[in-house]
2 protein chains.
Amino acid sequence: MSTEIPYKIYLEESEMPKQWYNVRANMKKKPAPLLNPETKQPVTAEELETVFCKELVKQELDDTTPYIDIPQEILSFYQMYRPSPLVRAYCLEKKLGTPAKIYYKFEGNNTSGSHKLNSAIAQAYYAKQQGLKGVTTETGAGQWGTALSMACAYLDLDCQVYMVKVSYEQKPFRREVMRTYGANVTPSPSTKTAVGRKILEKFPNTNGSLGCAISEAVEAATTQEGYRYVLGSVLSQVLLHQSVIGLETKTAMDKYNIHPDIIIGCAGGGSNLGGLISPFMGEKLRGEADYRFIAVEPASCPSFTRGVYAYDFCDTGMVCPLQKMYTLGSGFMPAPNHAGGLRYHGMSAVLSELYDQGLMEAVTVEQTSVFNAAEQFARIEGILPAPESSHAIKIAIDEALRCKETGEEKTILFGLTGTGYFDMYAYEKFNDGKMSDYIPTDEELQKSIDALPKV
Amino acid sequence: MSTEIPYKIYLEESEMPKQWYNVRANMKKKPAPLLNPETKQPVTAEELETVFCKELVKQELDDTTPYIDIPQEILSFYQMYRPSPLVRAYCLEKKLGTPAKIYYKFEGNNTSGSHKLNSAIAQAYYAKQQGLKGVTTETGAGQWGTALSMACAYLDLDCQVYMVKVSYEQKPFRREVMRTYGANVTPSPSTKTAVGRKILEKFPNTNGSLGCAISEAVEAATTQEGYRYVLGSVLSQVLLHQSVIGLETKTAMDKYNIHPDIIIGCAGGGSNLGGLISPFMGEKLRGEADYRFIAVEPASCPSFTRGVYAYDFCDTGMVCPLQKMYTLGSGFMPAPNHAGGLRYHGMSAVLSELYDQGLMEAVTVEQTSVFNAAEQFARIEGILPAPESSHAIKIAIDEALRCKETGEEKTILFGLTGTGYFDMYAYEKFNDGKMSDYIPTDEELQKSIDALPKV
């Protein structure tokens, strides 16, 4: 019967989701509230509105409404690059000789090269609705910055991007894509902001980090008239927008009567994983179905597996609200040899709470094994994957090989969040045999964890 | 009624073409035969088989069979990345304020980033069938080399790529993609071949050209046991394989009752344009329908518009058969300021003959106007286009604006052959205002045209 399933399932436009799904609405125990870093009291909407757009603050704080309408203008934008295909990895299955059925939801078929565009257009839209001049943001691997540039170009909004220095240098072409879409790109830490200058003074040779770029972008947003800050991951509003990935996947799977046994996603800040699993997790929370969820994180930045579940700053500059999450401490800087994204010290509050409740698992993988899986996947399935996505590929292959041993015909679904076309510097290192692994020592981690704020 | 047409039309797998269409079969006056450069007599299949795979020679010489079955293994590979979407450019139409309806067939949603994969898998497949060890080829902008690497990795064939030096240097990441797929990439001209050494001796500072890289690849194929040469454009077999673009487009348009008035494609060697227009041209040749076809070429390499229709070498090294085509002379080297592909001195024999019969038009556009159109398109339609494809975008926009003046509701179809993700060096020049135009002088052209072989 499996031959009846096409290589790629594309939904009809009429089948595409018209609402986002808010998984928090189905959680009995909700994620802990964001705290004001000074008062240690839950932040109010008013406080958040100095940093974020009004409507996005509403979405951030809403943990009860299960479905939220997607505005028509966002739906139109989605139609330019969505639905994304749900792909049956026939070729990979054959090559591995596994009885497992492997599916991946491929979010890379757009110029930003990843799923980030799903939230970028939403955040830019609400900024435009609010009559703002522009938005500021940070970008690590560059996917989010590119996505936001595209959304802002479409809506004619100014876009200021603080790009983690190591990415800015290793990915000059990412910068050019953003510039082509009219964005203003600054390597972070920079001397443009007070927080950037402070970090540079303390660590003049730093490669930068996502947490530090966030601090700069937040400062830029709050010191310029008519600007707000937007963020591509971690926040609950981002998971909400990214639920479009899971909703499309679920509709496609339901259409063909496919029930995934295992759902796998890479986890940096949690946006793709959270988006992919949301509707499935909703079923699990409501007791309607069961799934095994696996978060895959890099061994060099292991928030779930070696972090602590505690209140922490979302940024290195300690200007953002405190969030309860699995964290390595906002002072943690991932090793410079670590390629691509997934460099964030913390994790989505929603996913952290779900993980803490034992509703999902987490594993770590080392960098060279990830690139081995990436190369294998590229040669067999054709798509050259982003290093981030390749974390999920690695574990999907491992699970499929386990099925080969046991003879189980499990259905494995993973999120292929994006393409690696702007990550060839990392691939070059791998091709030259110059890529190395790095696992932080317990002492290193303890140092940044010890510095967590007292709440 | 236009709102009933989706943003993107994807065919069902069952609707995908199972046969390629050979437009030569419907041409009353056929393209002139290839000639042996020494005897000046039509080349025989046997002669060609020393360079090309047997089955491909058969396709190259077959100008009577209208439909040729696509082997199952190629169909399976096509299913990994096809059907490609036929996109209705609603956003572009709105922004231009034109009554025209604009459609584009987007071939960039695969890692090679272009339509080249359609012929690469076919050529690699026939090489594998023949029991060969590997294939050699040239690549200019890098799209063809990447496509061939992907096809060879899939079929486990060795792949040796001679890459035009200027591209090799400006696109190191293209090289890395090919290496990730296991290909061996050499900048051309190189000292690996006799013809390369000869060219380097004469022009030590040359940027290389497609014609010169072809010569090296052909020599490498004929001097190694178990290798043949494959080519990504110009040849009639390539147009045959690329007909899958036009066939899918036509099926999708027929399904929604859309009749294109104007069909536009960029023209380097003619592979994309030929593939896109083939089935439509077939209708025109059979008197069943009429269309206006426009080939768009760069002002810096204007084979159709300023070349002559004559027998010429396909390569600078003058080792390939002679082909009757529109050509600037095989000694013509495009200006180094010219970015991307479309650097070939000649043109497909099929398209040359169709053009000579007045069945299609050709126009030239200058580089900066092309990048202006590319940027505009990227910001409005989301996709950052390849410089090559942007030639077609420029003319599609011009035609749509003409409709705005006249009020005509024409339907415009153009080929969006690929993405510009590996062309950011060129975009950077454009973003920095450092891009310039170059139009060869009559004297320059006359010099290389005067050197045409006497037949």
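Summary of the structure given here. Numbering of residues starts from 1 in every chain and runs along the sequence as written. Here every chain gets a letter starting at A, and every ligand a number starting at 1, in the order they are written. Selection of residues for local features in this predicted model requires a pLDDT of at least 70, selection of side-chain atom pairs for listing and counting requires 80 or more, and totals for whole chains, interfaces and linings are taken over all residues. No hydrogens and no water enter the side-chain calculation; it runs on all heavy atoms of the structure.

### What about unusual backbone geometry?
Note: most peptide bonds trans; most residues except glycine with negative phi.
And then number 1: The omega angle of the peptide bond from A:Ser188 to A:Pro189 is 5 degrees, so this bond is cis rather than trans.
And then number 2: If you trace the backbone, A:Pro189 turns up in the loop between strand E8 (184-188) and helix H9 (194-202).
And then number 3: The residue after B:Arg82, namely B:Pro83, is reached through a cis peptide bond having omega -5 degrees.
And then number 4: Position of B:Pro83 among the secondary structure elements: in the loop between helix H3 (72-81) and strand E4 (86-88).
And then number 5: Of note in this structure, B:Lys40 is not a glycine but carries a positive phi near 65 degrees.
And then number 6: Counting through the fold element by element, B:Lys40 comes out in the loop between strand E2 (19-21) and helix H1 (45-48).
And then number 7: One non-glycine residue with positive phi stands out, namely B:Asn257, at about 55 degrees.
And then number 8: Numbering of helices and strands runs from the N terminus; a helix is a DSSP stretch of H or I covering at least four residues, while a strand is a stretch of E covering at least two. Among the secondary structure elements, B:Asn257 is positioned in the loop between helix H11 (236-255) and strand E10 (262-266).

### Focus on the pattern of salt bridges
Residues and elements named next belong to chain B.
And then number 1: Salt bridge criterion: a side-chain nitrogen from Lys or Arg within 4 Å of a carboxyl oxygen from Asp or Glu. The final tally for this structure, using the stated rule, is 50 salt bridges over all chains.
And then number 2: The shortest N-O distance in the salt bridge between Arg-292 and Glu-399 comes to 3.4 Å. Remark: Glu-399 occurs in helix H16 (residues 387-406) and Arg-292 occurs in strand E11 (residues 292-298); sequence separation between them is 107 residues.
And then number 3: For every residue, the accessible area (1.4 Å probe, protein chains only) is compared with the maximum for its type, and the residue is labelled buried under 20%, exposed over 50%, or partly exposed between those bounds. Owing to a relative accessible area of 28%, Arg-292 belongs among the partly exposed residues under this scheme.
And then number 4: According to the relative accessible area criterion, Glu-399 is buried, its value standing at 6%.
And then number 5: For Lys-394, the salt bridge is made with Asp-398, and the minimal N-O distance between the two is 3.1 Å. Note that Lys-394 and Asp-398 are positioned in helix H16 at a spacing of four residues, about one turn of the helix.
And then number 6: Judged by its relative accessible area of 25%, Asp-398 is partly exposed.

### Quick notes on the interface of chain A and chain B
And then number 1: With 44 residues of chain A in contact, the opposing surface of chain B contributes 44 residues.
And then number 2: Two parts lose some accessible area (1.4 Å probe) when they are put together, and adding that loss for both gives the buried area. Together, the buried faces of chain A and chain B total about 4100 Å²; carbon and sulfur atoms form 55% of this surface.
And then number 3: Sorting the residues of chain A by area buried against chain B places A:Phe173, A:Thr180 and A:Tyr421 first, and these three jointly supply 17% of that buried surface.
And then number 4: In this structure, the connection of chain A to chain B is made through four salt bridges.
And then number 5: Residue A:Arg175 pairs with B:Glu428 through a salt bridge whose shortest N-O separation is 3.2 Å.
And then number 6: Those elements giving two or more residues to the side of chain A that touches chain B turn out to be helix H3 (72-81), helix H6 (143-155), helix H8 (172-180), helix H15 (367-381) and helix H17 (424-431) of chain A.
And then number 7: Charged means Asp, Glu, Lys or Arg here, nonpolar means Ala, Val, Leu, Ile, Met, Phe, Trp, Tyr, Cys or Pro, and polar covers whatever is left, Gly included. Considering only residue class, the side of chain A that touches chain B consists of 22 nonpolar, 10 polar and 12 charged. A contact between two residues is defined here by any heavy atoms of the two lying within 4.5 Å.

### Side note on the state of the cysteines
All names here are of chain B.
And then number 1: Cysteine sulfur atoms that come within 2.5 Å of each other are treated as a disulfide pair. For the structure shown, the criterion picks out zero disulfides over all chains.
And then number 2: Looking at Cys-301, it has no disulfide partner, and the nearest cysteine sulfur is the one in Cys-266, 12 Å off.
And then number 3: Cys-91 supplies the cysteine sulfur nearest to Cys-403, a cysteine that is in no disulfide, at a spacing of 19 Å.

### Comments concerning the relation of the copies chain A and chain B
And then number 1: Between chain A and chain B, which share one sequence, the superposing operator has a rotation angle of 180 degrees and an axial displacement of 0.0 Å; the RMSD is 0.0 Å. On this basis, the relationship between the two copies can be described by a two-fold rotation axis. When C-alpha distances to the rotation axis are compared across chain A, the minimum falls at A:Asn109, with a value of 3.0 Å.
And then number 2: Interface overlap between copies is the fraction of interface residues in one copy that are interface residues in the other; for chain A against chain B it reaches 100%, indicating a shared surface. In superposing the copies, a least-squares fit is computed on C-alpha atoms, taking residues whose pLDDT is at least 70 in both.

### What to know about the sheet that holds strand E8 (residues 184-188) of chain B
Residue and element names in this part refer to chain B.
And then number 1: Pairs of strands are assigned from DSSP output, requiring at least two bridges between the strands. Across the sheet, four strands lie side by side as E8-E7-E6-E9; this open sheet has parallel pairing. Where the open sheet ends on each side, the last strands, each with one partner, are E8 and strand E9 (227-229). On average, adjacent strands in this sheet sit at an angle of 25 degrees to one another, irrespective of strand direction.
And then number 2: Sheet topology places strand E7 (residues 158-164) next to E8; five bridges connect them, and they run parallel. All axes are obtained by fitting lines to C-alpha atoms, using only the stretch in contact for helices, and the reported angles, taken between N-to-C directions, cover 0 to 180 degrees.

### So, the sheet that holds strand E7 (residues 158-164) of chain A
Residue and element names in this part refer to chain A.
And then number 1: The four strands lie next to each other as E8-E7-E6-E9, forming an open sheet whose pairing is parallel. The outermost strands of the open sheet, each flanked by one partner alone, are E8 and strand E9 (227-229). Direction aside, neighbouring strands of the sheet carry axes that sit 25 degrees apart on average.
And then number 2: This element, H6, spans strand E6 (134-139) and E7 of the sheet and lies at about 160 degrees to E6.
And then number 3: H8 contacts E6, E7 and E8 of the sheet and is inclined by roughly 175 degrees relative to E7.

### Let's talk about the pairing of strand E15 (residues 411-416) of chain B
Residue and element names in this part refer to chain B.
And then number 1: Within E15, six of the six residues are buried, which leaves the element mostly enclosed by the surrounding structure.
And then number 2: Alternating positions in E15 separate into two faces, Thr-411, Leu-413 and Gly-415 on one and Ile-412, Phe-414 and Leu-416 on the other, with burial throughout.
And then number 3: Of the strand pairs in this sheet, strand E5 (residues 101-106) and E15 are connected by six bridges, and their pairing is parallel. Directly across from Lys-101, in E15, lies its bridge partner Thr-411.
And then number 4: The sheet contact formed by E10 and E15 spans three bridges and is parallel. By the bridge assignment, Ile-264 is partnered in E15 with Phe-414.

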